[in-house]
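Now for the letters of each chain:
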Amino acid sequence: MRGRIASMACAARSVLLVAALALTVSPLEGQRRSRSFPRRPPPENVNFEEFNVPYDGRFAFVRLRFTPTAIGWGGGGGFFGGVNYQWDHDYPRAERHFTRILSEVTTLSPLTNASNILALDDPELFKYPVAYMSEPGYWTLTEAEVEGFRDYLHKGGFVIFDDFVGGHWFNFEEQMRRVLPNHRLVRLDASHPIFHSFFEIESLDQYIHPYRFVPSVFYGVFEDNDPNKRLMVIANYNNDIGESWEWSDTGWIPIDLTNEAYKLGINYIVYAMTH
Amino acid sequence: MFEGLFQFLFKYRPVVFERGELAFDAPWPIALVLLAGAAAALPAVVIYTRPQARLRTPDRALLAGLRLAVLGILVFCLARPMLVIATVVPQQNFLGILIDDSRSMQIADEGEQPRSEFIHETFGPEGSELVAALGDRFKLRFFRFSETVQRLGDVGELTFTGRRTDLARALDAARRELAAVPLAGLVLITDGADNADAPLTEILLQLAAGRVPVHTVGLGAQRFAKDIALERVATPRTVLQGSSVAVDLTVAHSGFGGETVRLTVEDAGRIVSAQDVRLPGEGETAPVRVHFTANEVGPRLFRFRAAAQPGEAVSQNNVLEALVFVDSGERKILYFEGEPRFEVKFVRRAIADDENLRVVVLQRTAENKFYRIGVDDPSELAGGFPKVREELFRYDGLILGSVEASFFTHDQLGMITEFVGQRGGGLLALGGRHAFARGGYAGTPLAEALPIVLDSDASSDGGSFFAEVKVGLTPYGRGHPVTQLAEDVESSEARWKELPELSMLNPLREVKPGASTLLTGRAADLSDPLVVLAHQRYGRGRAMAFPVQDSWLWQMHADIPVDDMTHETFWRQLLRWLVSGVTDRVAVTSSLDRVERGAPVTITAEVSDSGYIRLNGAEVVANVTTPGGLEREVPMEWTVERDGEYRASFLAEEDGLYEVRVQAQQAGVPLGSAESYVQAGDLQTEYFDAEMRASLLERIADETGGRFYTPATIGTLPEDVSFTESGTTVHEERDLWDMPVLFLMLVGLIAAEWGYRRQRGLA
């Protein structure tokens, strides 16, 4: 049974805090590093481990990397010298902003000035039971990654899929079927505990894609396909909360939408740590 | 041998000298005898004191001394020395003969014949010299004894099937039965394997005061040549269904040093555990810890058996039984976590399929904001962490995560301490950045309950301590039920070595006196191991410290296979052990879990109010259901000695399982109920510690003025029994002047004088 104590006043204060922090958060180290990254490096030569931090027991934001169906130039992330790996969209500003908000709003003490980029077959991934993937519409998997990802989920890992819309769904669904062939993607409604683990999200109607303006839909994969059991995966289809996190200090995205993106993220983390 | 030589020299057996008094009965006045002796001595003294050229002073002194010694012996004999000794008047006194009729008399530990064979040979219809000699002197009265005492008309009535040996009762009954007749003494024929709780001191004092000597005859070997025995079994009285149970056994043996025996555990005839035990050297016992899982619900009689070996004196003592109540009830544990951490998720997952454990999570997600999981109703924990005893004490266990001490009020910290000490709940403190000394717990009331020493300086490192440790078992943890990760100890130990490292933020190095460490952690850059898992009993409950922050790595780590159950097993065992034995407001225990039929059973109940304050004014009744299904009410009385403690007794008169259900109420308001079980039946007590106890039998004889015999020495019993002050006696005079030893001394002294004189050229 799920219980909840949060008073409305407390929740309101938290939301205001999100907004305030979103407007005042300063440019981050990651942005400076972005500008100093060599222009157009060979994508296969990048050592992403240089951007990671060693495990110290604290919550660290983990961004899953993969070999995309296509590597482009410009757009999306842009951190790695203009190379568009797809999975790197909004890196690192999104995670920096989000972990700062997470630290301020909750009692969690995450790493706020660093995060990790890990592949699905990286043993280090298993030290971080929550991971985030951007642009699963371009996601590809090696067999080792399929095995690693399956083990990760079955052991207790939780993955947030974000930043995909429209036809991206088909690739996402196909790759998920490779990982969990017997599991279904189930559409979630606002009654699921993940929408009440910290903020009380009474309705999902307010969620739209920040620049495509299509209604968001939330899908999940349950352990043993049982909706009463643990949610292993949540997919923000037709949404891009990472985008909202990234630009939350600029005002380019409406504050309401940014607030809602932070609320989702915080709820996801609290849920993943308790379920 | 010694006694024969003594009798040759001194004419009588030692017992005559022990019992008799020395007296003189010279035919002439004693003064005249002394005068004659002095007169005879005078010439010798005069001659030897006169200076002579041929004799030196030492020669004169020696020869004078020899001569005076000869004269002294002659004077002693002329004075007619004698022993005056009390002896019974034939056929005027009674002699009680008590014969052990218990099962241990069937043991054939000396040759092929059982101990009881001596009884048949000696007291059988064919008769014996012993009985004839005793019958000449006394009127004999026979008794049989085991757990009861009865007059015995014929030895053929003996069955040697008594379930217990109660020497105190036997002696007391015989003394009472023969109190009205002149009693010369009692003869106790037994192996001395007393297994009754009754103390002997009182009856021995009474017999000594009544001058009734007890002569004991010990049958059997003082140590079996070859035997294996389970001496002790220590089991928990109650366990949760499906729990791993650790049982300590003590295996004793003689003659099997270095050999291996199979030890099995049976539940209703089904073997639930088996292991081989290598027996230590002669005279040593082997402490053994066996593990099994208690799956069947209800009172279960577990049987522990060491496989019988060829040539064993007794095989019945290879089996011990223990009654364990396997509880199917649910234990409710509150897990209060101060910050969102993965421990919450993985602990919940670990016990998700455990029907006997339920973890209610109170997760602090922000300041004064809590997320509750698993609560029964919307009001449960609605105000956050419990503020009153009733609210907290409804749980059986409490897990404290990373939450700083300053979060709690002083009263709440005291309440948590009382939760362990008074309510008897289990407390588990986890590591984290707000835990232990780092969380400010040093010097708080809660620090008293924790098993580790909290150094207030430990937090002075600025909270920077971080270590990744390899967790390992301590010798104590090697056999503990919490840390058993596999079916046997060796496999479990191997599994621990494979587990990945965990991280710690709390450098705890010292446990309190009385606390036990199960797991320690070693890091490459630390010289001393850190405490990883420790526990202690605090008051009525248990307190544990598990100062790691990510035990979930034993589930998630890349080296752990997906289907590995180590994490689940560890946490289930940890939490089950934490709350096992936690009682409700009414708790009942029986003095013994197994009793012999007919033995009294004492039941004790503890009654508390909703805040677990002991209640003295409650109405407490025990409903005892016999194995036959009859139910009777036994009122329980407050003991006065302890608050809230009530006691009652009943007799377990049937073989089988007795159910005791205790109900308590106050002013008509029910306070609760609890149940306990007692198994009555044949405990085979007679076959344990069944070797002949010579020390006990010697003590009985010594303290009452009797003597201890074995079948080899019993021939002198009739005469020895005759020398007694008890009953109708006469005083006999036994001359000592004609003792051979005196004649030999005279001859020896004279020969010595002659030889010396000859050697010195005086003869």
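Quantities reported herein were computed from a predicted structural model and do not represent experimental measurements.

**Re the overall build of chain A**
Thinking step 1. A count of helical and extended segments in chain A gives 7 helices and 10 strands.
Thinking step 2. Counting only residues that meet the buried cut, chain A has 48% of its 275 residues in that class.
Thinking step 3. Sequence separation of 24 or more characterises 72% of the internal contacts of chain A that already satisfy a separation of 6 or more.

**Examining the overall build of chain B**
Thinking step 1. Scanning chain B for helices and strands turns up 19 helices and 35 strands.
Thinking step 2. Here the C-alpha coordinates of chain B stretch approximately 120 × 75 × 55 Å along the principal axes.
Thinking step 3. Evaluated residue by residue, chain B yields a buried proportion of 42% over its 763 residues.
Thinking step 4. Long-range contacts, defined as pairs at least 24 residues apart, comprise 75% of the intrachain contacts of chain B with a sequence gap of at least 6.

**Brief notes about the environment of Ala752 of chain B**
Thinking step 1. Mapping Ala752 of chain B onto the fold places it in helix α19 (residues 740–759).
Thinking step 2. Taking the C-alpha atoms as reference points, Ala752 of chain B and Leu66 of chain B, 686 residues apart in sequence, are found 7.8 Å from one another.

**Quick look at the interface of chain A and chain B**
Thinking step 1. Taken residue by residue, the interface counts 30 residues in chain A and 38 residues in chain B.
Thinking step 2. Contributing elements (two or more residues each) for the side of chain A that touches chain B: β1 (2–4), α1 (8–24), α4 (143–155) and α7 (255–274) of chain A.
Thinking step 3. Considering each element in turn, the side of chain A that touches chain B owes the most residues, 4 residues, to α7 of chain A.
Thinking step 4. Among the residues forming the side of chain A that touches chain B, the class breakdown is 13 nonpolar, 11 polar and 6 charged.

**What about the confidence of the model for chain B?**
Thinking step 1. The pLDDT averaged across chain B works out to 91; a share of 99% of its residues lies at or above 70.
Thinking step 2. Reported confidences for the modelled complex are a pTM of 0.78 and an ipTM of 0.89.

**Some points on the sheet that holds strand β35 (residues 729–735) of chain B**
Adjacent strands of a sheet form backbone hydrogen bonds with each other and so pair up, either parallel or antiparallel.
Residue and element names in this part refer to chain B.
Thinking step 1. Reading across from one edge, β1-β2-β35 is the order of the 3 strands in this open sheet, with antiparallel pairing throughout. Both edges of this open sheet fall to β1 (21–24) and β35, since each of them pairs with a single strand only. Within this sheet the neighbouring strands show an average axis-to-axis angle of 40°, counted without direction.
Thinking step 2. Here 7 bridges tie strand β2 (residues 81–88) to β35, and the two strands are oriented antiparallel to one another. Each bridged residue has a counterpart across the sheet, and for Ala86 the counterpart in β35 is His731.

**Some points on the domain arrangement of chain B**
Thinking step 1. Domain parsing of chain B yields domain 1 (2–87 + 733–759), domain 2 (90–219 + 691–727), domain 3 (227–326), domain 4 (331–579) and domain 5 (586–685).
Thinking step 2. A C-alpha centroid distance of 36 Å is found between domain 2 of chain B and domain 3 of chain B.

**Comments concerning the pairing of strand β9 (residues 217–222) of chain A**
Regular strands have side chains that alternate between both faces of the sheet.
Thinking step 1. Strand direction decides the pairing type here: strand β8 (residues 186–187) of chain A and β9 of chain A, joined by 2 bridges, are antiparallel. The residue bridging Arg187 of chain A from the neighbouring strand is Tyr219 of chain A, located in β9 of chain A.

**Here's the deal with the packing of helix α3 (residues 30–49) of chain B against helix α4 (residues 57–78) of chain B**
Residue and element names in this part refer to chain B.
Thinking step 1. Between α3 and α4, whose axes approach to 10 Å, the crossing angle comes to 170°. The orientation of α3 relative to α4 falls into the category roughly antiparallel. Where α3 approaches α4, its residues Val33, Leu34, Gly37, Ala40, Ala41, Ala44, Val45, Tyr48 and Thr49 are matched on the opposing element by Arg60, Leu63, Ala64, Arg67, Leu68, Leu71, Val75 and Leu78.
Thinking step 2. Here the residues of the contact of α3 with α4 are counted per class, giving 13 nonpolar, 2 polar and 2 charged.

**Observations regarding helix α5 (residues 168–179) of chain A**
Thinking step 1. With 12 residues, α5 of chain A should cover 16 Å at 1.5 Å per step; its first-to-last C-alpha distance of 17 Å lies within 8% of that length.
Thinking step 2. Along its buried surface, α5 of chain A packs onto α4, β7 (158–164) and β10 (231–237) of chain A.

**Describing the confidence of the model for chain A**
Thinking step 1. Of the residues in chain A, 82% reach a pLDDT of 70 or more, and the chain-wide mean stands at 86.
Thinking step 2. Segment residues 1–40 of chain A: pLDDT under 50, and 66 contacts once partners within four positions in sequence are set aside and those in other chains are kept.

**Digging into unusual backbone geometry**
Thinking step 1. Here the amide bond leading from Tyr91 of chain A into Pro92 of chain A is cis, since omega sits at -5°, within 30 degrees of zero.
Thinking step 2. Residue position: Pro92 of chain A is located in the loop between β4 (83–84) and α3 (93–105).
Thinking step 3. Positive phi values are uncommon outside glycine, yet Gln86 of chain A reaches one of about 75°.
Thinking step 4. Following the sequence through the fold, Gln86 of chain A ends up in the loop between β4 and α3.
Thinking step 5. Residue Gln86 of chain A is classed as buried on the basis of its 26 C-beta neighbours within 10 Å.
Thinking step 6. One non-glycine residue, Gln684 of chain B, adopts positive backbone phi at about 55°.
Thinking step 7. Among the structural elements, Gln684 of chain B can be located in the loop between β33 (669–681) and α17 (694–704).
Thinking step 8. Exposure remark for Gln684 of chain B: the 16 C-beta atoms within 10 Å place this residue in the partly exposed category.

**Quick word on the nonpolar core**
Thinking step 1. Formed by 147 residues in total, the largest nonpolar core has its most connected members in Ile333, Tyr335 and Leu427 of chain B.
Thinking step 2. Take this core: its biggest share by element is 10 residues, from α7 of chain A.
Thinking step 3. Among all residues touching Tyr335 of chain B, those that are not within four sequence positions of it are Val344, Val347, Val359, Val360, Val361, Ile399 and Gly401 of chain B.
Thinking step 4. In this structure, Leu95, Val149, Ala184 and Ile700 of chain B belong to the second largest nonpolar core, which totals 42 residues.

**Digging into the sheet that holds strand β4 (residues 138–145) of chain B**
Residues and elements named next belong to chain B.
Thinking step 1. Strand order in the open sheet made by the 6 strands is β5-β4-β3-β6-β7-β34, with mixed pairing throughout. Looking at strand neighbours, the two that pair on one side only are β5 (149–151) and β34 (708–709), the edges of this open sheet.
Thinking step 2. Sheet analysis places strand β7 (residues 214–218) next to β34, joined by 2 bridges and oriented parallel. Directly across from Thr216, in β34, lies its bridge partner Phe708.

**Things to note about the environment of Val130 of chain A**
Residue and element names in this part refer to chain A.
Thinking step 1. Secondary-structure assignment places Val130 in strand β6 (residues 130–134).
Thinking step 2. Val130 sits in the partly exposed class, given 19 other C-beta atoms within 10 Å.
Thinking step 3. Sequence separation between Val130 and Leu102 is 28 residues; the distance between their C-alpha atoms is 14 Å.
Thinking step 4. With near-sequence residues (within four places) excluded, Val130 lies in contact with Val62, Phe158, Ile269 and Ala272.

**Quick notes on the environment of Phe6 of chain B**
Residues and elements named next belong to chain B.
Thinking step 1. As for its position among the elements, Phe6 is in helix α1 (residues 2–10).
Thinking step 2. Note on Phe6: 15 C-beta atoms within 10 Å, which makes it partly exposed.
Thinking step 3. Note: C-alpha distance between Phe6 and Tyr646 (640 residues apart in sequence) is 63 Å.
Thinking step 4. Not counting chain neighbours up to four residues away, the residues in contact with Phe6 comprise Arg13 and Pro14.

**Focus: the packing of helix α9 (residues 342–350) of chain B against helix α16 (residues 566–579) of chain B**
Residue and element names in this part refer to chain B.
Thinking step 1. Interhelical geometry of α9 versus α16 gives an angle of 85° and a closest axis separation of 8 Å. Judged on the interaxial angle alone, α16 and α9 are roughly perpendicular. The residues of α16 that touch α9, namely those facing Phe346, Val347 and Ala350, are His567, Glu568, Trp571 and Arg572.

**As for helix α7 (residues 167–177) of chain B**
Thinking step 1. All of the buried residues along α7 of chain B are Leu167, Ala170, Leu171, Ala173 and Ala174 of chain B. When α7 of chain B is viewed along its axis, its buried side chains cluster within an angular range of 165° and face the same direction.

How each quantity is defined
- Residues numbered from 1 in each chain as written.
- Chains lettered and ligands numbered in written order.
- Predicted model: local features only at pLDDT ≥ 70, side-chain atom pairs only at ≥ 80, totals over all residues.
- Helix = DSSP H or I, 4+ residues; strand = E, 2+ residues; numbered from the N terminus.
- Buried ≥ 20, exposed ≤ 12 C-beta atoms within 10 Å, placed from the backbone.
- Contact = placed C-beta atoms within 7 Å.
- Nonpolar A, V, L, I, M, F, W, Y, C, P; charged D, E, K, R; others polar.
- pLDDT = per-residue confidence, 0-100.
- Pairing = 2+ DSSP bridges.
- Axes fitted to C-alpha atoms, helices over the stretch in contact; angles between N-to-C directions.
- Domains from an automatic or database assignment.
- Parallel < 35°, antiparallel > 145°, perpendicular 65-115°, else oblique.
- Expected span 1.5 Å × (residues − 1).
- Core = buried A, V, L, I, M, F, W, Y, C linked by C-beta atoms within 7 Å.
- Arc of directions from axis to C-beta.

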